[in-house]
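So the chains spell out like this:
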Amino acid sequence: MALVARPVSRAGLGLLALVPLGFLVVFFAWPVLAILKRGFVGNGVLTALAQGETWRLAWFTVAQAAGSTAIAVVGGMPLAFVLARVRLPGVGLMRTLVLVPFVLPTVVVGLAFRALWPDGGVLSIVLANAFFNVAVVARTVAGLWSHLDSRAEDAARALGASRWRAFRSVTLPALLPAITSAAAVVFLFCATSFGVVLVLGGARLRTLETEIYLRTENLLDLTGAAALSLVQIAAVLAALLLGAAARRRREIALKLRARGETARKPVKGEWWVVAAAIAVVGLLLTPIVALLIRSVSTEDGWSLAGYRALSSTGNAGTLQISGWGSAVNSLITATDATVLALVIGVSAAVLVVTLRRAPGRVPHGLAETMDAALMLPLGVSAVTVGFGYLVTLDALPGDLRTSPLLVPLAQALVIIPLIVRMVLPVLRSIDDRLRQAAATLGSGPLRVWREIDVPLAIRSVVAAAGFGYVVALGEFGATSFLARPQTPTLPVAIASLIGRPGQLNNQMAYAACALLMLVTAAAVVVIDRFGSGRVGEF
């Protein structure tokens, strides 16, 4: 007799869906639609779409994102090979170092590249965005590559194919779903990059994201901002659909071999790939080292003046509170945002997995729709969401616009997709026969989750919490719009410092960036070790 676990009741599914869907509707869909609705007043959107400037911005956004994506893919492939197929001392350290740039605050990355290229420019923006996302390619592709059966490539080699031809004919086609999926995610991140473009591009080079911020914050041009948001959302939807299709193909390919069976010591030409991977890691560390050196460099030589000045408010009172006060605000808001995002994200992941296990095509279709919807906040302008908060949330009891929870709510919206992408693969990979066996012993759905799923997924949930915390700690897009001058977070304080003249302000900004970078890097080391080297699909 086949073992069948008792499905969750419709009432249970409804309650489970209430939390994530309610949050997405109230704190994402409603504010965004409110802004878009304002933009349509008087056919303003059509007018803005007919302007050449709109399409010039769209072209630059797509071009810089495409360039960054191409560089991230080229740089990430040697790293993916080493992480997936090489068994050498130091591979674990390389895995951790590769992840560090991805969790660095965007303002920190911008200042790190500004330390190398003081004048900024297109090349610095492209390289900075690629630097930020090499980890996405390396770890996503390595996740599939480590499970590919190498015997097919060995057979091609035995039939006389060169190493390159065997890779190109056998391995590369199998890796394409993962490469495509990673490229779609990287393109998404680069197209919506805010802090990097703001720091390195200034007023000369603008993307859709920074232009939306400029028109909303400085010009109050809601019509133009809404038109640009529509163009951006269209590009994001296209990238999400491409990534979702690639992920579905990837899930089938993952059912191959364990990583321990495919990793080995490199031979002959593979050492060149290892050397290329080491060179990429060296390039990734260059901006980080440059930032650390810049934080202790002054016109008079080496100095810790910037670090000491963090107890002040900067040159001529640039900040309303001290640098350390801003750091405390960052810790508090990141904690609130992480707790909130963890509740919403884990609930959403459980809902998607439960729907996928349910019989019938309708629940499966709902799961796919929910999975895609959870990724939308990543691609919508954080400024659009932030301004939407200000025009809608006064309708809720208590007027959340003046609440200390306003910034954590916006940060939670940013990190929920990341938490889902980290927890969901683990929940999906749990052998359903364990649940079926528990069900035949009389356990109800809740007890099955408590006894089977929770113990197996808890490490990923804790790692997701840590990962979300460091991302919230450095979040800049929405926070820069919503944080009040008397309660800035550290990234917002850094942006204020570099926007005002004075050597002391610059030194404070670089010192704060260095501290923020060290904290996030330490967190990554702990998370990566705790998560046994795997942190979900990213």
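Residues numbered from 1 in each chain as written. Predicted model: local features only at pLDDT ≥ 70, side-chain atom pairs only at ≥ 80, totals over all residues. Heavy atoms only, no water.

*Asks:* Just checking my understanding: could you explain helix 20 (residues 445-474) for this structure?
*Replies:* Two residues of an α-helix separated by three or four positions point the same way, owing to the 3.6 residues in each turn. Taking 1.5 Å per residue as the helical rise, helix 20 with its 30 residues ought to reach 44 Å, whereas the 38 Å between its terminal C-alpha atoms falls clearly short. Its maximal kink placed at Val454, helix 20 deviates by approximately 50°, while the proline Pro455 follows within four residues. (Helix = DSSP H or I, 4+ residues; strand = E, 2+ residues; numbered from the N terminus. Expected span 1.5 Å × (residues − 1). Bend = angle between axes of the 7 residues up to and from the residue.)

*Asks:* Quick question: what am I supposed to make of the packing of helix 17 (residues 382-392) against helix 18 (residues 406-429) here?
*Replies:* Axis separation between helix 17 and helix 18 bottoms out at 11 Å; the angle between their running directions is 140°. On the basis of the axis angle, helix 17 is oblique to helix 18. Crossing of helix 17 over helix 18 shows right-handed handedness. For the pair helix 17 and helix 18, contact is made by Val385, Tyr389 and Leu390 and by Leu406, Leu409, Ala410 and Leu413, respectively. Class assignment of the residues belonging to the contact of helix 17 with helix 18 gives a composition of seven nonpolar, no polar and no charged. (Axes fitted to C-alpha atoms, helices over the stretch in contact; angles between N-to-C directions. Parallel < 35°, antiparallel > 145°, perpendicular 65-115°, else oblique. Left-handed = near helix turned anticlockwise from the far one by under 90°. Contact = heavy atoms within 4.5 Å. Nonpolar A, V, L, I, M, F, W, Y, C, P; charged D, E, K, R; others polar.)

*Asks:* Quick question: what am I supposed to make of the nonpolar core here?
*Replies:* Considering soluble globular proteins, one finds that nonpolar side chains tend to be buried as a cluster. Trp145 and Tyr389 are the most contacted members of the largest nonpolar core, which totals 171 residues. Looking at this core, the element that brings in the most residues is helix 18, giving 16 residues. Here this core spans two domains, and each of domain 1 (31-295) and domain 2 (303-537) adds at least three residues to it. If we ignore the near neighbours within four places in the chain, the residues touching Trp145 are Met77, Ala80, Phe81, Ala84, Arg85, Phe167, Thr171 and Leu175. (Core = buried A, V, L, I, M, F, W, Y, C linked by side-chain atoms within 4.5 Å. Buried < 20%, exposed > 50% of the residue type's maximum accessible area, 1.4 Å probe, protein only. Domains from an automatic or database assignment.)

*Asks:* What's the story with a nonpolar patch on the surface in this structure? I'm lost.
*Replies:* Judged by side-chain polarity, Leu15, Leu18, Val19, Val339 and Val343 come together as a nonpolar surface patch covering roughly 480 Å² of accessible area. For the nonpolar patch, the elements supplying multiple residues, two or more each, are helix 1 (10-39) and helix 15 (323-357). With respect to the helices and strands, Leu15 occurs in helix 1. (Patch = residues over 30% accessible without salt bridge, like charges linked within 9 Å, V, L, I, M, F, W, Y side chains within 5 Å. Areas by Shrake-Rupley, 256 points an atom, 1.4 Å probe, with all protein chains shown as cover. Salt bridge = Lys/Arg side-chain N within 4 Å of Asp/Glu carboxyl O.)

*Asks:* Can you help me understand the domain arrangement of the protein in this one?
*Replies:* One frequently used descriptor of interface size is the decrease in accessible area upon assembly of the parts. In terms of domain boundaries, the protein breaks down into domain 1 (31-295) and domain 2 (303-537). The C-alpha-based centres of domain 1 and domain 2 are spaced at 20 Å. Taken together, the 52 residues of domain 1 in the interface contact 52 residues of domain 2. The tally of links from domain 1 across to domain 2 stands at zero salt bridges. Linking domain 1 with domain 2 are three residue pairs in polar contact (both at pLDDT 80 or more), by the criterion used here. For the side of domain 1 that touches domain 2, the leading source of residues is helix 11 (residues 222-253), giving 11 residues. Split into classes, the residues belonging to the side of domain 1 that touches domain 2 amount to 30 nonpolar, 11 polar and 11 charged. (Polar contact = N/O pair within 3.5 Å; in protein donor to acceptor, adjacent residues only side chain to side chain.)

*Asks:* Teacher, can you tell me more about the pattern of salt bridges here?
*Replies:* Oppositely charged side chains can form a pair if their charged atoms are brought close together. Considering all chains together, one arrives at six salt bridges under this definition. Note that Glu53 is salt-bridged to Arg206, the shortest N-O span being 3.3 Å. In this pair, Glu53 sits in helix 3 (residues 52-85) while Arg206 sits in the loop between helix 9 (195-201) and helix 10 (208-218), placing the two residues 153 residues apart along the sequence. Taken together, the salt bridges that share partners define one network made up of Glu53, Arg56, Arg206, Glu211 and Arg215.

*Asks:* How should the packing of helix 4 (residues 91-103) against helix 6 (residues 122-145) be read in this particular structure?
*Replies:* In a packed pair of helices, the relevant descriptors are the angle between the two axes and the axis-to-axis distance. At a minimum axis separation of 6 Å, helix 4 and helix 6 run at an interaxial angle of 135°. Between helix 4 and helix 6, the crossing angle belongs to the class labelled oblique. Judged by the twist between their axes, the crossing of helix 4 over helix 6 is left-handed. Residues Arg95, Val98, Leu99, Pro101 and Phe102 of helix 4 form the contact with helix 6, whose own contacting residues are Phe131, Phe132, Asn133, Ala135, Val136, Ala138 and Arg139. Class assignment of the residues belonging to the contact of helix 4 with helix 6 gives a composition of nine nonpolar, one polar and two charged.

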